[in-house]
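# Remarks on the overall topology
Listed below, chain by chain, are the residues.
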Amino acid sequence: MAQIIDGKAISAKIREEIKEETARFVAQRGYAPGLAVIIVGEDPASTVYVRNKGRACEEVGFYSEIHRLPENTQQSELEELIDRLNGDDKIHGILVQLPLPKHLDESAVLLKIDPAKDVDGFYPFNVGRIMIGDFDIAPCTPYGVMELLRYSGIETRGKHCVIVGRSNIVGKPQAMLMLKADATVTVCHSKTQNLAEICRTADILVAAIGKADFIGADYVKEGAVVVDVGINRKADGKLTGDVNFAQVEPKASFITPVPGGVGPMTITILMKNTLKAAEVAGDALGAF
Ligand code: GUN
């Protein structure tokens, strides 16, 4: 029987701390941290995420703007909006919801964002800072995973962490954060041979694959910590992770459920990153 890592409860605790810190920020500086979220098109999952991001901003006391652009938005229009937000003093964080429609050049869009306002941690300069372990902001989902482990009292030092998935949003930055936290890290992906065998060597297994119920009991060592980053929708409309919960839960020592595990943390960390970006921007102003 595994202990369930309650991402909703941990997330609520962190949001309460952010709310208090934001109140102090506003009292000291006379303005609120500001986040701009841009969504292009009407992808149903992205639409829900963006709505939740707006609500989270309200909850913690941020200023926020949501820019909903039509599916047929041109690259130049999107880049002009980012330019405008880069120059807007009310905005300390800019998030362009991914994936973008196919006709848009995602890398070029992300390069337009002022690195100081890149609350996703996707700008190449910020990716480099993650790599050398000197950063203010880390990508929301992997940072959320680290916070879940920390709040659950799970030690990473010296542990073998196997990450399944090598995306720029989760797998690669997760590996860097785990290394910084003194774990020994293996990154696996779709071409990995003997995947189940490698996964069975994990003390901490992070699944970020994007395939419903992929990780079965034969991928998990008795007593392992299992973190499920996947959010997949089944034919019946229900959400499920990358881990077959019913099979894996009896073997794991700790496990994150889907929904209610990693998911709630992602937006909470976005709030943390936005507050941090506002603090850094404010401190830079104070230095002159
Ligand atoms: N789409 C899925 N996850 C993310 C994320 O963390 N940031 C952005 N910008 N888009 C996403």
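These numbers were taken from a predicted model, which means no experiment stands behind them.

What follows is about the pattern of salt bridges. Overall, the coordinates contain nine salt bridges when judged by the stated rule. Ionic pairing is found between Arg 129 and Asp 136, a salt bridge with its closest N-O pair at 3.6 Å. With a closest N to O distance of 2.7 Å, Lys 221 and Asp 203 form a salt bridge. On the criterion of sequence distance, the pair formed by Lys 221 in the loop between β7 (204–207) and β8 (225–228) and Asp 203 in the loop between α8 (195–199) and β7 is long-range, its members being 18 residues apart. What makes Asp 203 partly exposed here is its relative accessible area of 24%. One connected set of salt bridges, linked through shared partners, spans Arg 129, Asp 134 and Asp 136.

Moving on to the site of the ligand. The environment of the ligand is formed by Leu 95, Val 96, Gln 97, Leu 98, Asp 120 and Phe 122. Within the contact set of the ligand, a nitrogen atom lies 2.8 Å away from a backbone nitrogen or oxygen of Val 96. With respect to the ligand, the side chain of Asp 120 contributes an N or O atom lying 2.6 Å from a nitrogen atom. Contact with the protein chains hides 83% of the accessible area of the ligand, taken as 280 Å² for the molecule alone.

Let us now look at the nonpolar core. Counting 47 residues, the largest nonpolar core has Leu 149, Met 178, Ile 204, Val 206, Val 227, Val 229 and Met 271 as its most contacted members. In terms of residues, this core owes the most to one element, helix α10 (residues 263–286), which gives eight residues. Beyond its immediate chain neighbours, meaning those up to four positions away, Val 227 contacts Val 145, Leu 149, Leu 205, Val 206, Ala 207, Thr 256 and Val 262. By size, the runner-up hydrophobic cluster in this structure holds 19 residues, among which are Val 162, Cys 199, Leu 205 and Ala 252.

Glancing now at the packing of helix α1 (residues 7–29) against helix α2 (residues 44–60). The axes of two packed helices give the description: the angle between them and the distance between them. In contact at an axis separation of 8 Å, α1 and α2 are set at 55° when each is read in the N-to-C sense. With respect to each other, α1 and α2 are oriented oblique. Contacts from Arg 15, Ile 18, Lys 19 and Thr 22 in α1 reach Ala 56, Glu 59 and Val 60 in α2.

So, on to the packing of helix α6 (residues 140–151) against helix α7 (residues 171–180). In contact at an axis separation of 8 Å, α6 and α7 are set at 40° when each is read in the N-to-C sense. The orientation of α6 relative to α7 falls into the category oblique. At the point where α6 passes α7, the crossing takes the right-handed sense. Mapping the contact onto sequence places Pro 142, Tyr 143, Val 145, Met 146 and Leu 149 in α6 and Pro 173, Gln 174, Leu 177 and Met 178 in α7. Residues that form the contact of α6 with α7 fall into these classes: eight nonpolar, one polar and no charged.

Glancing now at the sheet that holds strand β3 (residues 63–69). Here we have three strands laid out as an open sheet, ordered β3-β2-β4, and parallel in their pairing. If you trace the sheet from one side to the other, it starts and ends with β3 and β4 (93–96), each paired once. Looking at each pair of strands side by side, their axes are set apart by 15° on average, direction ignored. For strand β2 (residues 34–40) and β3, the ladder comprises seven bridges, and the chain directions are parallel. In the strand pairing of β3, Gly 34 is matched with Tyr 63. Packing of α2 onto the sheet brings it into contact with β2, β3 and β4, and relative to β2 it is tilted by some 165°.

Definitions and limits used
Residues numbered from 1 in each chain as written. Predicted model: local features only at pLDDT ≥ 70, side-chain atom pairs only at ≥ 80, totals over all residues. Heavy atoms only, no water. Salt bridge = Lys/Arg side-chain N within 4 Å of Asp/Glu carboxyl O. Helix = DSSP H or I, 4+ residues; strand = E, 2+ residues; numbered from the N terminus. Buried < 20%, exposed > 50% of the residue type's maximum accessible area, 1.4 Å probe, protein only. Near = heavy atom within 4 Å. Polar contact = N/O pair within 3.5 Å; in protein donor to acceptor, adjacent residues only side chain to side chain. Areas by Shrake-Rupley, 256 points an atom, 1.4 Å probe, with all protein chains shown as cover. Core = buried A, V, L, I, M, F, W, Y, C linked by side-chain atoms within 4.5 Å. Contact = heavy atoms within 4.5 Å. Axes fitted to C-alpha atoms, helices over the stretch in contact; angles between N-to-C directions. Parallel < 35°, antiparallel > 145°, perpendicular 65-115°, else oblique. Left-handed = near helix turned anticlockwise from the far one by under 90°. Nonpolar A, V, L, I, M, F, W, Y, C, P; charged D, E, K, R; others polar. Pairing = 2+ DSSP bridges.

Function-wise, these values are silent; they only describe arrangement.
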